[in-house]
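Per-entry structural report
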Amino acid sequence: MALAGTLLLVAMVGLLTWFQFTSAQEARRQVRHSHEVITGIDQLGIALRDAETGQRGFLLTGEEDDLALYRAALGRITLLQGELHRLTADNATRQERLRSLALVIQKKLETLGETIHLRREAGAAAAPAVLRADHDAQLMDQIRLSLETMQAEEERLLAQRQATAAGAEMQARQLALGGSVLAIGLLVLSARLLAQAQARLTASEAGQRALAEQMRAAFDSISQGIGVFGPDHRLLRWNERFPVLLALPRPTLQPGSPYEAIVAQAAAAGGGDAFLETADQIRHGRLLKLPGEPVVYERTRALDGRSFELRRTAMPDGGFVLTVTDTTERVRAELTARDAQRLQAMGQLTGGIAHDFNNLLTVVLGNLEMARPRLEEGHPVLPRIERAIWGARRGASLTQQLLAFARKQPLSPMPIDLSAMLPDLANLLHRTLGEHIDLQVVDAAGLWPAMADTAQLESAILNLALNARDAMPGGGRLTIALANKVLDADHARRHTEVTPGEYVMVAVSDTGTGMAPEVLARVFEPFFTTKEAGKGTGLGLPMVYGFVRQSGGHVTITSQPGEGTTVRLYLPRAPGAVLPAPQRGAACLTLPRGSGTILVVEDDAAVREVAVIILRELGYRVLEAGDGTEALRVFGQVGTRLDLVLVDVVLPGGMKGHEVARRLAEVRPELRTLFMSGYTENAIMHHGRLDEGVHLIGKPFSRELLARKVAELLSQEASDQAITALREPEHGKVVDLALRDRGRNA
């Protein structure tokens, strides 16, 4: 506190000294300013007299050279007046006096000019008369009086400023002297404080020892194990985690323990395999490493499967620090991330395969369905066509499973009350699984609604149930349990694909044969199956995995050989959702027909042919295009006569299906668009859902599905036109504006 007060005093003295020196400098500047004003006044009087002298010389001689002094004086008068105005800019009284003086000077100069002009006009004979006629002596007297008055005032001000400057300089010298005395005093005080600090230094050693104890406690509290070895490779010190991570018996660890003994003990604790570097490896490794560069290596302990990172850092004295870090959780997270990336890559591959395969199935299924009605009942070929149609639809089901794994299927997620859905599903499973399977459903009170696609969720649970049945050939118990779950940030760190939040869990457990670890690691790979040939496609679990991940959820699977398997589906909660009432659609036995104009845009000629033939058989007028550019050209030809565009999502030539639809909508906003695709692109689907207002028919599509979808869209267009039809008076008639505009554009 005293030191702070002393420093404050020094600062104040310094500040006052600086301020006083500044004041002295300002006083001296004011003195110089007064001198400049007085000099300016003197120079202005001299210039006026020079102007008058030059004028009189010219009047007497008539020589133009005699006017040189007059002209030079005029220029100086102007400059000096401006300088005086500048110097007295901060004094309003002086400024006013200078303005009055300027008027008198101006009159004087005008008089001088007039006499010079008269001399030039009248000649030398007029000079004596002009001199005698010079009645402006009073002007010169007035000017002289004003200048003398101003000079006297400035001299009084100069005397005051000189006195002020002298006083300021005296005070500055006094303050400087006082500051010097104070500095000497502070030096004496500093010497005394230094002696006191020396005394306190001795007392602080106890505090340092306490701090060392605190550092030791912190050293022991960190999660890594640290051991410090001297130049002779003997243990000097270590923290609490060091023997724990290396699984060393505490009694055997003593200061001075040789490194070789610790290596042997760590190997024995890990099951006999080498765990730490040997002493020879350390000696040889020094020749290969740069100075100061740590040696880092990883080990997995066979006894418990835990992973560790070991870092040996050299010290300047020849010893080293051994740091042991448990990386088990990080390694597991990296493995989970690699598995997720591998499944994502496989999903992209299978999605592309499914897209091409769906195009082929569209051609096959479309031609078979068009050929079937042309055969008479009882025709010998008809059963073969039915069998082929069944095979094509089976292939379409497989590609849908591929798309589910690739997360390319369009979903229609909505809030689902699983407690209400499971009883109906359980009845179906009872009939499907057989009497040898004991099915149990465990509900949860207050179950949250889940956000998912109902049909896909039912298919996923059915797949899991069928897998469980196959794992229990001799019978067993299948349990479907529901529960609310909150996955926190800690769980998300251990499972990189998980987003923390609230979920509804569906757990499907069986008491079957279970799976070995090497099988469990591959269960989500497409086409991987342990079933006999012809009894499994290997797409059931991949489909479940893809559906749940596309829905924003998470899947886990646990299994033990001989004990059974549990698959848990975590579906995102739908908070505040209103559960929709179940709806049942009525089946229609006849295909709807129509007469509108439809543009089919598809790059695959065979698929385009099938779609065109089906639509023409249904009564529509059909135009076709192989890419986006051709579609725009055809649209430009037909104009407003087009009613619907059936366009593939993926088109060649740089213009995708959604771009074609956008370009057409800019001209005809009311034009309906139906997309078709073997798999859905992000252009029309985001977060697993079709964009609002987008209509899609998946490939391969049946003749019936295409007919109903087209009729549905065209009926919506007719309804929209009826709603937008307005009544407008035109010659006393009621006019449909939509029809009127169409007629104008025709």
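Residues numbered from 1 in each chain as written. Predicted model: local features only at pLDDT ≥ 70, side-chain atom pairs only at ≥ 80, totals over all residues. Heavy atoms only, no water.

1. Brief notes about unusual backbone geometry
The phi torsion of most residues other than glycine is negative, and most of the peptide bonds are trans. Filter applied, for reference: Numbering of helices and strands runs from the N terminus; a helix is a DSSP stretch of H or I covering at least four residues, while a strand is a stretch of E covering at least two.
Positive phi is not limited to glycine here, since H233 has a value of about 65 degrees. Tracing the backbone shows H233 in the loop between β1 (225-229) and β2 (235-238).

2. Quick word on the pairing of β1
The test is simple: Per-residue accessibility, obtained with a 1.4 Å probe over protein chains only, is compared with the maximum for each type, and a residue is labelled buried under 20%, exposed over 50%, and partly exposed between these values. Two strands pair if DSSP finds at least two bridges between them.
Counting buried residues in β1 gives 5 out of 5 residues, a clear majority hidden from the surface. Taking every second residue as pointing to the same face, both faces of β1 are buried, with G225, G227 and F229 on one and I226 and V228 on the other. Across 3 bridges, β1 lies against β2 in antiparallel orientation. For F229, the partnering residue across the bridge sits in β2 and is L235. Two successive antiparallel strands, β1 and β2, enclose a turn made up of 5 residues, where H233 displays a positive phi of approximately 65 degrees.

3. Here's the deal with helix α18 (residues 657-667)
Filter applied, for reference: This arc is built from the directions going out from the helix axis to the C-beta atoms. The contact definition used throughout considers only heavy atoms, calling two residues in contact when any of these lie within 4.5 Å.
Here α18 has its buried residues at G657, V660, A661 and L664. The buried side chains of α18 occupy one side of the element, clustering within an arc of 95 degrees when seen end-on. Where the residues of α18 are buried, they touch α17 (628-638), β15 (644-648) and β16 (672-677).

4. Some thoughts on a nonpolar patch on the surface
Basically, it comes down to this: Note that patches include only residues with greater than 30% relative accessible area and no salt bridge, and the join distances are 9 Å for like charges and 5 Å for nonpolar side chains (Val, Leu, Ile, Met, Phe, Trp, Tyr). Surface exposure here means Shrake-Rupley accessible area, sampled with a 1.4 Å probe, where a residue is shielded only by the protein chains that are shown. Criterion for a salt bridge: a side-chain nitrogen of Lys or Arg within 4 Å of a carboxyl oxygen of Asp or Glu.
There is a patch of nonpolar side chains on the surface, built from L15, W18 and F19 and spanning about 390 Å² of accessible area. On the secondary structure map, W18 appears in helix α1 (residues 2-61).

5. Topic: the sheet that holds strand β9 (residues 476-487)
Selection rule: To obtain each axis, a line is fitted to C-alpha atoms, and for helices this fit is confined to the stretch in contact; angles are then taken between N-to-C directions over 0 to 180 degrees.
As summarised here, the arrangement of the 5 strands in space is β7-β9-β10-β12-β11, forming an open sheet in which the pairing is mixed. Lying at the two open borders of the sheet, with one neighbouring strand each, are β7 (437-442) and β11 (554-560). This sheet shows a mean twist of 15 degrees between the axes of neighbouring strands, independent of strand direction. One ladder, built from 7 bridges, connects β11 with strand β12 (residues 564-572); its direction is antiparallel. When the sheet's bridge partners are listed, T556 is paired in β12 with R568.

6. Overview of the nonpolar core
Inside soluble globular proteins, nonpolar side chains tend to come together where they are buried. Operational definition: Among the buried residues, those of types Ala, Val, Leu, Ile, Met, Phe, Trp, Tyr and Cys that are joined through side-chain atoms within 4.5 Å form a nonpolar core.
The biggest cluster of nonpolar side chains holds 43 residues, and the ones touching the most others in it are L418, L457, L478, I480 and L569. Counting residues per element, this core draws most heavily on helix α11 (residues 418-433), at 7 residues. The contacts of I480, once residues within four sequence positions are left out, are L422, L429, L439, Q440, V441, V442, I461, V506, A507 and V508.

7. A word on the pattern of salt bridges
Evaluated as defined, the whole model comprises 23 salt bridges. In this structure, R662 and E666 form a salt bridge, with 2.4 Å as the shortest nitrogen-oxygen distance. Taken together, the residues R662 and E666, both in helix α18 and 4 residues apart, mark about one turn of the helix. On the accessibility criterion, E666 (54% relative accessible area) is exposed. Overlapping salt bridges bring together E64, R71 and R120 as one network.

8. What to know about the side chain of T597
Definition in use: Throughout this description, a polar contact denotes any pair of N or O atoms lying within 3.5 Å of each other; where both atoms belong to protein, one of them has to be capable of donating a hydrogen while the other can accept it, and for residues adjacent in sequence the pair is counted only when both atoms sit in side chains.
Relative to the helices and strands, T597 is located in strand β13 (residues 597-601). You can call T597 buried: its relative accessible area is 7%. A polar contact of 3.4 Å, which involves the side chain of T597, links it to the backbone oxygen of R641. Discounting chain neighbours no more than four positions away, the residues touching T597 are R621, L623, R641, L642, D643 and L644.

9. What about the environment of S307?
Relative to the helices and strands, S307 is located in strand β4 (residues 307-314). Placed 22 residues apart in sequence, S307 and E329 show a C-alpha to C-alpha distance of 8.4 Å. Excluding residues within four positions of it along the chain, S307 makes contact with R299, T300, T325, D326, T327, T328 and V331. Separated by 3.5 Å, the side chains of S307 and T300 make a polar contact.

10. Quick look at the packing of helix α12 (residues 454-470) against helix α15 (residues 540-550)
Note the cut-off: Crossing chirality is assigned from the near helix's rotation relative to the far helix, an anticlockwise turn below a right angle marking it left-handed and a clockwise turn marking it right-handed. Gly counts as polar in this scheme, as do all residues outside two lists: the nonpolar Ala, Val, Leu, Ile, Met, Phe, Trp, Tyr, Cys and Pro, and the charged Asp, Glu, Lys and Arg.
At a minimum axis separation of 9 Å, α12 and α15 run at an interaxial angle of 145 degrees. Considering the relative orientation of α12 and α15, their crossing is left-handed. Of the residues in α15, those in contact with Q456, L457, S459, A460, N463, L464 and N467 of α12 are G540, L541, M543, V544 and F547. Across the contact of α12 with α15, the residue classes tally to 7 nonpolar, 5 polar and no charged.

11. Observations regarding the packing of aromatic side chains
The following threshold applies: Working definition: a ring pair exists when centres of Phe, Tyr or Trp rings (six-membered ring for Trp) sit within 6.5 Å. Plane angles under 30 degrees give stacked, over 60 give edge-to-face, the rest tilted.
The tally for this structure, following the rule as stated, stands at 4 aromatic pairs. Measuring from centroid to centroid gives 5.5 Å for Y259 and F320, while their planes differ by 90 degrees, and the two rings are edge-to-face. In this pair, Y259 is assigned in helix α7 (residues 259-269) and F320 in strand β5 (residues 320-326), connecting sequence segments 61 residues apart. One exposure class covers both Y259 and F320, and it is buried. Ring plane angle 75 degrees and centroid distance 5.6 Å describe the contact between F275 and F308, whose orientation is recorded as edge-to-face. Highlighted residues: F275 in the loop between α7 and α8 (279-285) and F308 in strand β4, separated in sequence by 33 residues. Judged by its relative accessible area of 1%, F308 is buried. Each member of the aromatic cluster is reached from another via a ring pair, and the members are F229, Y259 and F320.

12. Considering the sheet that holds strand β3 (residues 295-300)
Reading across the sheet, the 5 strands line up as β2-β1-β5-β4-β3 and stay open at both edges, with antiparallel pairing between neighbours. On the outer flanks of this sheet lie β2 and β3, each paired with one strand and no other. Neighbour to neighbour, the strand axes of the sheet diverge by 20 degrees on average, direction disregarded. Looking at chain direction, β3 and β4 are connected through 6 bridges and run antiparallel. Each residue of the ladder has a partner; that of Y297, found in β4, is L310.

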